[in-house]
Amino acid sequence: MRIEQHAEGGVFRQPGEKLFLEIERGLKVYFVYALVLSLFRILFIAGMTEYMLPETGTGDVFTALWRGFRLSMQTAGGFALAVFAPAAVLALVSDTASKYVLRILHGIGLLILSVGFIGRFPYYRQFHSGYNQLLFNTANDDVWALFLSLVYEYNLPLRFAAACLLAYVLWRLSNAFIEWEMPLQSLSGTALWVCRGVTVVGIGFIVQLSVFGGSLGWQTAVDWENAGVTRDPLLNEAVLDDAQAVYRGYTMNHRLLACNGLDFTTDEVRRLAAKLANRPADTDDLDVYLTRTAKGGKIEKPKHIFVIIGESFANWPLLSKYKELHIADGTREIINGPDSAYCSSFLPNGGATISAVTGITTGFADANLYLTTMPEAFAEPYSTAPAPQFKELGYTTEFWYAGPASWERIGAFVKAQGYDRFYSEGDFGDVPRSVWGVDDEYLYAKILNTVKADEAGLHVILNVSNHSPYGIDVEGKGFDKEKTRQALPQNAREDEELLRELGHYWYADRELSKFIKDAKEKFPDSLFVIIGDHADRYNIQKTPSTYERFTVPFIMTGKGVRQYMLPEQAAGSQIDVMPTIIELIAPEGFTYHALGQSMMKNKYGVNYMLWVTENAIGKADTVPLVPESFDGRSTPASINEEALQDYINAIRSISWYRAKYGPILDETKLIGRE
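These figures come from a predicted structure and were not determined experimentally.

What counts as what
- Note on numbering: residues in each chain are counted from 1, in written sequence order.
- Restriction of local features to residues with pLDDT of at least 70 applies here, the model being predicted, together with a cutoff of 80 or more for giving and counting side-chain atom pairs; totals for whole chains, interfaces and linings are based on all residues.
- In computing side-chain properties, one takes all heavy atoms of the structure into account and sets aside hydrogens as well as water.
- Put simply, DSSP marks the helices as runs of H or I at least four residues long and the strands as runs of E at least two long, and each gets a number from the N terminus on.
- Only protein chains enter the accessibility calculation, which uses a 1.4 Å probe. A residue is then buried if its area is under 20% of the maximum for its type, exposed if over 50%, and partly exposed in between.
- By the convention used here, residues are in contact when the closest approach between their heavy atoms is within 4.5 Å.
- Reported accessibility uses the Shrake-Rupley method at a 1.4 Å probe radius. Residues are deemed covered only where the shown protein chains occlude them.
- At least two DSSP bridges between two strands are required for those strands to pair.
- Salt bridges are defined as contacts in which a side-chain nitrogen from Lys or Arg sits within 4 Å of a carboxyl oxygen from Asp or Glu.
- Each Phe, Tyr or Trp ring, with Trp reduced to its six-membered ring, pairs with another whose centre is within 6.5 Å; inter-plane angles below 30 degrees give stacked pairs, above 60 give edge-to-face pairs, and intermediate values give tilted ones.
- Only the contacting stretch of a helix is used when fitting its axis, a line to C-alpha atoms as for every element, and angles between N-to-C directions run 0 to 180 degrees.
- Here a polar contact is recorded for every N or O atom pair within 3.5 Å, except that within protein the pair must consist of a potential hydrogen donor and a potential acceptor, and residues adjacent in sequence are included only if both atoms are side-chain atoms.
- We call a set of buried Ala, Val, Leu, Ile, Met, Phe, Trp, Tyr and Cys residues a nonpolar core when their side-chain atoms join them within 4.5 Å.
- An angle below 35 degrees is read as roughly parallel, one above 145 as roughly antiparallel, one from 65 to 115 as roughly perpendicular, and any other as oblique.
- Ten residue types, Ala, Val, Leu, Ile, Met, Phe, Trp, Tyr, Cys and Pro, are classed as nonpolar, four, Asp, Glu, Lys and Arg, as charged, and the remainder, Gly among them, as polar.
- By convention the crossing between two helices is left-handed if the near helix lies anticlockwise of the far one by an angle smaller than a right angle, and right-handed if it lies clockwise.
- Patches here: salt-bridge-free residues with over 30% relative accessible area, like charges joined within 9 Å, nonpolar side chains (Val, Leu, Ile, Met, Phe, Trp, Tyr) joined within 5 Å.

(A) Broad picture of the overall build of the chain. Of the regular secondary structure elements, the chain holds 21 helices and 18 strands. Here the chain holds 674 residues, and 55% of them are scored as buried. In the chain, the share of contacts with a sequence separation of at least 24, taken over all contacts with a separation of at least 6, comes to 75%. With an accessible surface of roughly 28,900 Å², the chain has 58% of that area assigned to carbon and sulfur atoms.

(B) Just the sheet that holds strand S17 (residues 610–612), in detail. Taking strand neighbours across the sheet as the criterion, the three strands line up as S16-S17-S18 in an open arrangement whose pairing is antiparallel. Each edge of the open sheet carries a strand with a single partner, namely strand S16 (605–606) and strand S18 (617–619). The pairing of S16 with S17 spans two bridges and is classified as antiparallel. Bridge pairing links Gly 605 to Val 612 in S17.

(C) The arrangement of the pattern of salt bridges in detail. In total, this model carries 28 salt bridges according to the counting rule given. Arg 510 is the salt-bridge partner of Glu 511, the closest N and O atoms lying 2.8 Å from each other. Given a relative accessible area of 29%, Arg 510 falls into the partly exposed group. Arg 549 is paired through a salt bridge with Asp 536; the nearest N and O atoms lie 2.7 Å apart.

(D) A look at the packing of aromatic side chains. One pass over the full model with this rule turns up 35 aromatic pairs. With a centroid separation of 6.0 Å and 80 degrees between ring planes, the pair formed by Phe 44 and Tyr 124 is classed as edge-to-face. In this pair, Phe 44 is assigned in helix H1 (residues 15–47) and Tyr 124 in helix H3 (residues 95–127), connecting sequence segments 80 residues apart. Residue Phe 44 shares its accessibility class with Tyr 124, and that shared class is buried.

(E) Summary view of the sheet that holds strand S13 (residues 554–558). Taken in spatial order, the seven strands of this open sheet run S5-S13-S12-S4-S11-S7-S8, and their pairing is mixed. Of all strands in the sheet, those bounded by a partner on one side alone are strand S5 (340–343) and strand S8 (421–423). Averaged over neighbouring strand pairs, the angle between their axes works out to 15 degrees when direction is ignored. Across six bridges, strand S4 (residues 304–310) lies against strand S11 (residues 457–462) in parallel orientation. By the bridge assignment, Phe 306 is partnered in S11 with His 459.

(F) Summary view of unusual backbone geometry. In this model, Ser 468 is joined to Pro 469 through a cis peptide bond whose omega is 15 degrees. Counting through the fold element by element, Pro 469 comes out in the loop between S11 and helix H17 (481–487). With an omega of -5 degrees, the peptide bond between Val 623 and Pro 624 qualifies as cis. You can see Pro 624 is positioned in the loop between S18 and helix H21 (641–661). Even without being glycine, Ser 312 reaches a positive phi, approximately 50 degrees. When you line up the elements, Ser 312 lands in the loop between S4 and helix H11 (329–335). Look at Asn 368: it is not a glycine, yet its phi comes out positive at around 60 degrees. Mapped onto the elements, Asn 368 comes out in the loop between helix H12 (353–362) and helix H13 (375–379).

(G) The arrangement of the side chain of Ser 655 in detail. With respect to the element layout, Ser 655 can be found in helix H21. Only 2.7 Å separates the side chain of Ser 655 from the backbone oxygen of Ile 651, close enough to count as a polar contact. In contact with Ser 655, not counting residues within four places along its chain, are Phe 364, Ala 365, Ala 367, Leu 369 and Leu 595.

(H) Local environment of H12. Counting buried residues along H12, ten of its ten residues qualify, which places the element largely inside the surrounding structure. Taken as a whole, H12 has its buried residues at Thr 353, Ile 354, Ser 355, Ala 356, Val 357, Thr 358, Gly 359, Ile 360, Thr 361 and Thr 362. Just downstream of H12 lies Gly 363, where phi reads positive at about 85 degrees.

(I) Molecular detail of the nonpolar core. Counting residues in hydrophobic clusters, the biggest one holds 148 residues, and the most contacted among them are Phe 390, Phe 399, Phe 515, Phe 554 and Ile 581. Leaving out residues up to four positions away in the same chain, Phe 390 has contacts with Ile 305, Tyr 395, Thr 397, Leu 458, Met 578, Ile 581, Ile 582 and Ile 585. Of all hydrophobic cores here, the second largest spans 46 residues; its members include Ile 118, Ala 167, Ile 206 and Trp 224.

(J) Geometry of the packing of helix H4 (residues 143–154) against helix H5 (residues 156–179). Following both chains from N to C, one finds H4 and H5 inclined at 80 degrees, their axes separated by 6 Å at the closest point. With respect to their mutual orientation, H4 and H5 come out roughly perpendicular. Where H4 approaches H5, its residues Phe 147, Leu 150, Val 151 and Tyr 154 are matched on the opposing element by Leu 156, Pro 157 and Arg 159. Its residues placed into classes, the contact of H4 with H5 shows six nonpolar, no polar and one charged.

(K) Representation of the packing of H3 against H5. As a packed pair, H3 and H5 sit with axes 8 Å apart at the nearest point and diverge in direction by 140 degrees. Between H3 and H5, the angle is such that the two are oblique. As H3 packs across H5, the resulting crossing turns out to be right-handed. Every residue of H5 that contacts H3 at Lys 99, Leu 102, Arg 103, His 106, Gly 107, Leu 110, Leu 111, Ser 114, Val 115, Phe 117, Ile 118 and Pro 122 is listed here: Arg 159, Phe 160, Ala 163, Cys 164, Leu 166, Ala 167, Leu 170, Trp 171, Ser 174, Asn 175, Ile 178 and Glu 179. Residue composition of the contact of H3 with H5, by class: 15 nonpolar, five polar and four charged.

(L) Representation of the pairing of S11. Of all six residues making up S11, six are buried, and the element is well covered by its neighbours. Going residue by residue along S11, you find Gly 457, His 459 and Ile 461 tucked away on one face and Leu 458, Val 460 and Leu 462 tucked away on the opposite face as well. Here six bridges tie strand S7 (residues 396–401) to S11, and the two strands are oriented parallel to one another. Looking at S11, one finds that Tyr 401 is bridged to Leu 462.

(M) Highlighting a nonpolar patch on the surface. A surface patch of nonpolar side chains, about 430 Å² in accessible area, is lined by Leu 135, Phe 136, Val 246, Tyr 247 and Tyr 250. Among the structural elements, Val 246 can be located in helix H8 (residues 242–258). Look at Val 246 and you get partly exposed, because its relative accessible area is 33%.

Here you go:
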């Protein structure tokens, strides 16, 4: 039976009229999503102005809004298609069912966008980024601890309720617009068909703009990779709506897991490895290029070596300009001691704790590989893994982690990389802890009571207290919040969240310095190395310099260490920690494997996104490399562009190829690589 007409609301419509009514609804759905995405972008920028650079002008804001609107045409098209298409198909059978389905799907779409919008504010404050690839690491993280952190630190229930209310208000308002019919019945036949023809052409135009991100072709298309064209980091992130930011995170995570973020040939890896090793490129065995020979110990071989990786232990509180905060007094005292050496031009291996773990335990830089998920990392220790090499030097190797062994598979991972013993949260008994693990003071107490004085050992320690949800009663433990408040700039003194964060840095600093003092007394024949796992979690300024935002300290202290042991031009990253220790203590002629260099001679530090020298820092992916001064304002020092670029590429390419494909350079292994 052929259906000639449809009834809706008691009005019979011809098929052609019904078709264009559905088209009209589809267009309205599209414009609703385009409008909502633009509104959210405006509100986000307005609510986060404190994170904008002082020199950002109105023109930059309008550029971001316009470019964001163009990009969001793609997002709006995707949501409109997902919401409207099922309802349009169902309209062939039942107008009433079609309307209900449209309302339900539209409500779901608005709820998704509202949740993303409400969550974007705390996410940016934490990571200085819109949604990124860290979202896709959730399955590898401690999900329960992460959930509790979101509940207690970020008021998840309240924020979700606000998102639901926002979605409901938008749903009610937009439904009225979608269901309103344009008064076309009064038009003459010719005018009506002209209107319909223009509508069809307009739909084609909108489809093309949606496909190409606000452009008519790919040559001028806006996408997440080219969206950030302003000089302001906040505005560049605001250009991406939440859906585009999540897509960016998905793409980057796919690249990370698929190892397609790097693009080196085996010939390039060979050339770079040879240059790094200062030897001819005459072998396909990467381990030959990674072979080092110790020059002879600089200090008497210690009985114990403690490598302490401090959670969020950034370098900026150690700068003289922040001395009056009094949150790093203990570490300052260590640095100023006659048996200590300190380097402030030092980078973490990545932006998350797990990058520090992989850098320290494998000796590889972060190179778009998620090592704790790779079978290759569990088969046997890499040649550059420090633990087996310290065993050759006579040390038992231990890894102490204040959190659960299941986090990032850390327990299985470090043991696969050669550690004799692994301690985690379950080994500490019933002591105070946060959702991430036991408090620092109990971690250190357990170590002091467990380490055997007569057993030579390498002890790597990873603490967790300086981490959200920042639940330790630091004032009860002695933190003078009001003293720190008065040392803050006037515009930051009422920021209670910042003061709580600074209080936890104070706690981490106090417990660290106390541990080192106690350990030096109990184990006087010891060497201590202190680094942070990463920075980039909180700063006094809303727009800190790159140096203050990202660097972590490198500190050596203990028997035999002396002030100025590190040269003025020293710089490095976490892959340089273990080679430094080996060169300090190993006998002359001891052979080992390492990608990093001793800090006694290294002049460069590099990680997944940055490089650093003794007096300049910059992004590692720009051509040419652009140096920035440490304060972000003065004229930066000049750099040796060619040497630094070769160093960056060598560290990245070797870390990538050796970790993924093994020691032998073989171009056939790269065939079919995405």
